[in-house]
Amino acid sequence: MENSDNMSHKSFVNILKGLGIAFIITFIFLLILSIVLTYTNVLENIINPTIIIITALSILIGSSISNIKIKKNGLINGGIIGGVYIILLYLFSSIFSMQFALTMQSVIMIITGIVFGILGGIIGVNISSK
């Protein structure tokens, strides 16, 4: 029983690390995007698709790195990372903007987050098994 508790604690810690990595990567890429938008003539209509891509890649990388250490249940752990990432993102944005709206872009972000979390989990588990 003690071994099972230790494994679930390690999984929880690695999931938190994966979330942290994903948020750090997102922050870095959004900072780069904001600099590019500020100092170039790039059209602003690229913002939404670029944010979705940045979010997806961040979740994929964070989930992959996290699941390399967990070494099992990549689908579940990756989905958790993607889902929790999106939930936290919407909670923070709702707090700062003082409103919450579930739009089509929100649905796309939720689906993208979970799918890329699952893909990252699969990749991470398969990398660790080699």
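Predicted model, so just to flag it, every value in this text is computed and none were measured.

Student: Break down the overall build of the protein for me, citing the residues and quoting the values.
Tutor: Within the protein, the secondary structure is distributed over four helices and zero strands. Reading the helices (α) and strands (β) of the protein from amino to carboxyl end gives α-α-α-α. Its C-alpha atoms put the protein at 55 × 35 × 20 Å along the principal axes. By residue count, 32% of the 130 residues in the protein fall in the buried class. Taking the intrachain contacts of the protein between residues at least 6 apart in sequence as the baseline, contacts between residues at least 24 apart amount to 75%. Entry remark: accessible area of the protein is about 8,300 Å², with carbon and sulfur atoms responsible for 74%.

Student: Account for the packing of aromatic side chains, with residues named and values stated.
Tutor: Note on aromatic pairs: each is described by the distance of the centres and the angle between the planes. In this structure the tally under the stated criterion is one aromatic pair. Geometrically, the ring pair formed by F23 and Y85 is stacked, given 4.4 Å between the ring centres and 20° between the ring planes. Highlighted residues: F23 in helix α1 (residues 2–39) and Y85 in helix α3 (residues 74–97), separated in sequence by 62 residues. Using a relative accessible area of 24% as the deciding quantity, one classes F23 as partly exposed. Assessed through its relative accessible area of 0%, Y85 is described here as buried.

Student: An account of unusual backbone geometry is needed here, citing residue identities and associated values.
Tutor: Even without glycine at this site, N73 takes up a positive phi of about 55°. Mapped onto the elements of the fold, N73 is located in the loop between α2 (47–70) and α3.

Student: So what about the nonpolar core? Which residues, and what values?
Tutor: I15, L19, A22, I52, I59, I70, I81, Y85, I86, Y90 and M109 together form the largest nonpolar core, which totals eleven residues. Of all the secondary-structure elements, those providing two or more residues to this core are α1, α2 and α3. Sort the elements by how many residues they give to this core and α3 lands first, with four residues. Apart from the residues lying within four places of it in its own chain, the contact partners of I59 are A22, G82, Y85, I86, G113, F116 and G117.

Student: Tell me about the packing of α2 against α3, and name the residues and values.
Tutor: Contact geometry for α2 and α3: axes closest at 9 Å, N-to-C directions at 140°. By the angle between their axes, α2 is oblique relative to α3. As for the relative orientation of α2 and α3, their crossing is right-handed in sense. Along the contact surface, α2 presents T55, I59, G62, S63, S66, N67 and I70, while α3 presents G74, N77, G78, I81, G82, Y85 and I86. Of the residues contributing to the contact of α2 with α3, the split by class is five nonpolar, nine polar and no charged.

About the criteria used
- Residues numbered from 1 in each chain as written.
- Predicted model: local features only at pLDDT ≥ 70, side-chain atom pairs only at ≥ 80, totals over all residues.
- Heavy atoms only, no water.
- Helix = DSSP H or I, 4+ residues; strand = E, 2+ residues; numbered from the N terminus.
- Buried < 20%, exposed > 50% of the residue type's maximum accessible area, 1.4 Å probe, protein only.
- Contact = heavy atoms within 4.5 Å.
- Areas by Shrake-Rupley, 256 points an atom, 1.4 Å probe, with all protein chains shown as cover.
- Phe/Tyr/Trp six-rings, centres within 6.5 Å; stacked < 30°, edge-to-face > 60°.
- Core = buried A, V, L, I, M, F, W, Y, C linked by side-chain atoms within 4.5 Å.
- Axes fitted to C-alpha atoms, helices over the stretch in contact; angles between N-to-C directions.
- Parallel < 35°, antiparallel > 145°, perpendicular 65-115°, else oblique.
- Left-handed = near helix turned anticlockwise from the far one by under 90°.
- Nonpolar A, V, L, I, M, F, W, Y, C, P; charged D, E, K, R; others polar.

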